[in-house]
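Spelled out from the first residue to the last, the chains are:
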Amino acid sequence: MIKSNRHLSWAEPYKIKMVELVHMTTRAEREQAIKKAAFNTFLLRSKEVYIDLLTDSGTSAMSDMQWAGMMRGDEAYAGSENFYHLEAAVRKYYGYKYVIPTHQGRGAENIISKIMIKPGDFVPGNMYFTTTRLHQELAGGTFVDIVIDEAHDAENEHPFKGNVDLKKLDALIKKVGAKKIPYVCIATAVNMAGGQPISMENLRALRELTKKHKIPIIHDMTRVAENAYFIQRREKGYADKPVAAIIKEICSLTDGATMSAKKDALVNIGGILAMNSKKIYEEASNMVVVYEGLHTYGGLAGRDMEAMAIGITESVQDDHIRARVGQVEYLGNKMIAAGIPIVKPVGGHGVFLNAKKFLPHLDQSVYPAQTLAAEIYLDSGVRSMERGIVSAGRQKETGVEHRPNLELVRLTIPRRVYTQAHMDVVFESVASVFDDRKKIGGLKMVYEPKYLRFFQARFAKI
Ligand code: PM9
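Residues numbered from 1 in each chain as written. Predicted model: local features only at pLDDT ≥ 70, side-chain atom pairs only at ≥ 80, totals over all residues. Heavy atoms only, no water.

Draft legend 1. The overall build of the protein chain, seen in detail. Counting secondary structure elements, the protein chain contains 16 helices and 14 strands. By the compact-globule yardstick of 23 Å for 462 residues, the protein chain fits well, its C-alpha radius of gyration being 21 Å. Nonlocal contacts in the protein chain, meaning residues at least 24 apart in sequence, comprise 72% of its contacts between residues at least 6 apart. Of the roughly 19,200 Å² that the protein chain leaves accessible, carbon and sulfur atoms contribute 54%. Across the protein chain, the 63 positively charged side chains and the 53 negatively charged ones have centroids separated by 3 Å. (Helix = DSSP H or I, 4+ residues; strand = E, 2+ residues; numbered from the N terminus. Rg over C-alpha atoms; globule rule 2.2 N^0.38 Å. Contact = heavy atoms within 4.5 Å. Areas by Shrake-Rupley, 256 points an atom, 1.4 Å probe, with all protein chains shown as cover. Lys, Arg positive; Asp, Glu negative; His and termini not counted. Charge placed at Lys NZ, Arg CZ, Asp CG, Glu CD.)

Rendered as structure tokens:
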């Protein structure tokens, strides 16, 4: 953003060149569709959806430059030119020395978990993420939550709810010993907390503590640009620093990264594993051939890597990120003004409805957030996602259900896809469900898959 334009509002820094028609449905059609989908919005067909706020993952609109880049795909098996463009973009904007492409974020999580975690290890992180924790557990590790308590409280307006509670980390080190902690896993713009940022000050302090104990930091940088924008807006000393410089500073405080490029990096498919250690790079580039593909394509086509290299460049621009977060805040502020309970402050990638407060008559055992997502779909065809007890799954050792404090419905905004008028419709629909909330009853789970159950679980009305 050019500084002299900061008095203007956040209008999109692009114009529309091509459109995709969306489908409107009748209430009767939606009733049939959600029943067929067993009250799980992941099981709806996209043609049954009007405004799709299921996820911001892989749903971005690519730019004309990215599409032009797709035509420059070098589909050589080894040493594709596009890989070198991607590597150059990662080095320039993120600063990590080595990069391995992966088919998406969880491909990178699988590899780093297998390399660094031994059975019996503990992996502390600033709140869990579903796929990340699963790979840590599959490698034999136990995830330990070290995020500040404020992150688990939807109403708390702490500006950096992604911060690490250093006392919790210190206590874990004292309890299990630094040797049992292969790395600390730090997410920027913490997804499950509602897209909440970590501050640079906290990251710097974490760096000091981990350095003392020789524990590396692995950065889940899936939404690093959104985090950097919040630092620019909220942290002392960063108001005049470009988002690109803040991103580089964040990365410089960590040793390696996993990234789902399907979010901030503006592509429909792809991920990366990046690091500064040559030793880990060599192990990872060997392991990637087992699970993904050669180290210069990692499960991606050359054209995908080109789109990612260009997407990274576009994602770090101040005017892009200001408009992206501006749109999310526009929707969030409408909800707050209407008294609809949401996670505060409004996060970077979506508005998270607080289902516990929205439906206070429903106990967590009848899946209030799952229920609310289905009700919003029924009302308007707006698709959202459960982020509560269903997503949290079961404890690794005991099989008992996790009962997270946050029982949320995520209205996730894809990047560069929907307009302000779409946001108004989303608000109108949530407000109408809110007016009728007392009539809403809960769900029971009738099929539960073993892994990441939220994707495919099936429900029935009680
Ligand atoms: N996140 C999301 O919708 C897609 C899968 S879960 C519905 O938020 C973080 C912070 C993520 C993430 C995916 C992954 C995995 C890692 N870290 O989906 O494998 O938000 O590319 O990335 C999703 P992939």
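Draft legend 2. Just the side chain of Asp 318, in detail. Tracing the chain through its elements places Asp 318 in helix 12 (residues 318-337). Judged by relative accessible area, which is 16%, Asp 318 ranks as buried. A distance of 2.9 Å separates polar atoms of two side chains, one belonging to Asp 318 and the other to Gln 232. (Buried < 20%, exposed > 50% of the residue type's maximum accessible area, 1.4 Å probe, protein only. Polar contact = N/O pair within 3.5 Å; in protein donor to acceptor, adjacent residues only side chain to side chain.)

Draft legend 3. Fine view of the sheet that holds strand 12 (residues 408-412). Strand order in this open sheet of 3 strands is 9-12-11, and the pairing throughout is antiparallel. Every interior strand has two partners, whereas the edge strands, strand 9 (350-354) and strand 11 (385-387), have only one. When the angles between neighbouring strand axes are averaged without regard to direction, this sheet yields 35°. Examined bridge by bridge, strand 11 and strand 12 share 3 bridges and lie antiparallel to one another. Directly across from Glu 386, in strand 12, lies its bridge partner Val 409. (Pairing = 2+ DSSP bridges. Axes fitted to C-alpha atoms, helices over the stretch in contact; angles between N-to-C directions.)

Draft legend 4. Representation of the packing of aromatic side chains. Under the counting rule described, the total for this entry stands at 10 aromatic pairs. Taken together, a centroid distance of 6.3 Å and an interplanar angle of 50° make the contact between Tyr 229 and Phe 230 tilted. Judged on exposure class, the residue Tyr 229 and its partner Phe 230 are both buried. Ring geometry for Tyr 367 against Phe 459: centres 5.5 Å apart, planes inclined by 75°, an arrangement best described as edge-to-face. Residue Tyr 367 is found in the loop between helix 13 (355-358) and helix 14 (368-380), and its partner Phe 459 is found in strand 14 (residues 458-461); the two are separated by 92 residues along the sequence. Ring pairing ties together the aromatic residues Phe 42, Phe 454 and Phe 455, which thus form one cluster. Positioned over the ring face of Tyr 128 is Arg 133, at 4.1 Å from the centre of the ring. Above the face of the Phe 454 ring, Arg 387 is positioned so that its terminal group lies 4.6 Å from the ring centre. (Phe/Tyr/Trp six-rings, centres within 6.5 Å; stacked < 30°, edge-to-face > 60°. Lys NZ or Arg CZ within 6 Å of the ring centre and 35° of its normal.)

Draft legend 5. Local environment of the site of the ligand. Around the ligand, the structure places 20 residues, and the nearest of them are Thr 55, Arg 106, Asp 220, Ser 260 and Lys 263. Between the ligand and Asp 220, the relevant distance is 2.7 Å, taken from a nitrogen atom to a side-chain nitrogen or oxygen of the residue. Residue Ser 260 places a side-chain N or O atom 2.6 Å away from an oxygen atom belonging to the ligand. Tallied by class, residues from the shell around the ligand come to 5 nonpolar, 8 polar and 7 charged. (Near = heavy atom within 4 Å. Nonpolar A, V, L, I, M, F, W, Y, C, P; charged D, E, K, R; others polar.)

Draft legend 6. Just helix 10 (residues 278-291), in detail. Taking 1.5 Å of rise per residue, 14 residues should cover 20 Å, and helix 10 covers 20 Å from first to last C-alpha, within 8% of that figure. Taken together, the buried positions of helix 10 are occupied by Ile 280, Tyr 281, Ala 284, Ser 285 and Val 288. One side of helix 10 holds all its buried residues, which, seen down the axis, span an arc of 135°. Of the exposed residues in helix 10, the ones pointing more than 90 degrees away from its buried face are Lys 279, Asn 286 and Val 290. Structurally, helix 10 contributes buried residues whose contacts are with strand 2 (98-102), helix 4 (105-116) and strand 8 (271-275). For helix 10, the N-terminal capping position is held by Ser 277, with its side-chain oxygen 3.3 Å away from the main-chain nitrogen of Lys 279. Downstream of helix 10 by one or two residues, Gly 293 has phi in the positive range, about 155°. (Expected span 1.5 Å × (residues − 1). Arc of directions from axis to C-beta.)

Draft legend 7. Structural view of the packing of helix 7 (residues 200-212) against helix 9 (residues 243-252). Two numbers describe how helix 7 lies on helix 9: the axes approach to 10 Å, and their chain directions differ by 20°. With respect to their mutual orientation, helix 7 and helix 9 come out roughly parallel. Every pair of crossing elements has a handedness; the one defined by helix 7 and helix 9 is left-handed. Within the contact between the two elements, helix 7 uses Met 200, Leu 203 and Arg 204 and helix 9 uses Ile 246, Glu 249 and Ile 250. Looking at the contact of helix 7 with helix 9 residue by residue, the class counts come to 4 nonpolar, no polar and 2 charged. (Parallel < 35°, antiparallel > 145°, perpendicular 65-115°, else oblique. Left-handed = near helix turned anticlockwise from the far one by under 90°.)

Draft legend 8. The arrangement of the pattern of salt bridges in detail. Using the criterion set out here, one finds 32 salt bridges in the structure. Between Glu 226 and Arg 415 there is a salt bridge, and its shortest N-O distance comes to 2.9 Å. Here Arg 415 lies in the loop between strand 12 and helix 16 (420-435) and Glu 226 lies in helix 8 (residues 224-234), a separation of 189 residues in the sequence. A relative accessible area of 1% places Arg 415 in the buried class. When salt bridges that share partners are traced, they join Asp 56, Arg 223, Glu 226, Asp 264, Arg 324 and Arg 415 into one network. (Salt bridge = Lys/Arg side-chain N within 4 Å of Asp/Glu carboxyl O.)

Draft legend 9. Expanded view of the nonpolar core. Core analysis: the biggest nonpolar cluster contains 58 residues, and Val 90, Tyr 94, Ile 247, Ile 272 and Ile 312 have the highest contact counts within it. In terms of nonpolar packing, the next biggest core, distinct from the first, is built from 33 residues, Tyr 50, Ala 355, Leu 359 and Leu 362 among them. (Core = buried A, V, L, I, M, F, W, Y, C linked by side-chain atoms within 4.5 Å.)

Draft legend 10. Main features of the state of the cysteines. One pass over the structure, following the stated rule, counts 0 disulfides. Of all cysteine sulfurs, the one in Cys 251 lies closest to Cys 185, which takes part in no disulfide; the gap is 14 Å. (Disulfide = S-S within 2.5 Å.)

Draft legend 11. Summary view of unusual backbone geometry. Omega for the peptide link from Lys 344 to Pro 345 comes to -10°, which places this bond in the cis form. Relative to the assigned elements, Pro 345 resides in the loop between helix 12 and strand 9. Backbone geometry at Ala 189 places phi at a positive 50°, although glycine is not the residue there. Assignment of secondary structure puts Ala 189 in the loop between strand 5 (184-187) and helix 7. One non-glycine residue, Leu 452, lies in positive phi territory at about 45°. For Leu 452, the location among the structural elements is in the loop between strand 13 (443-447) and strand 14.

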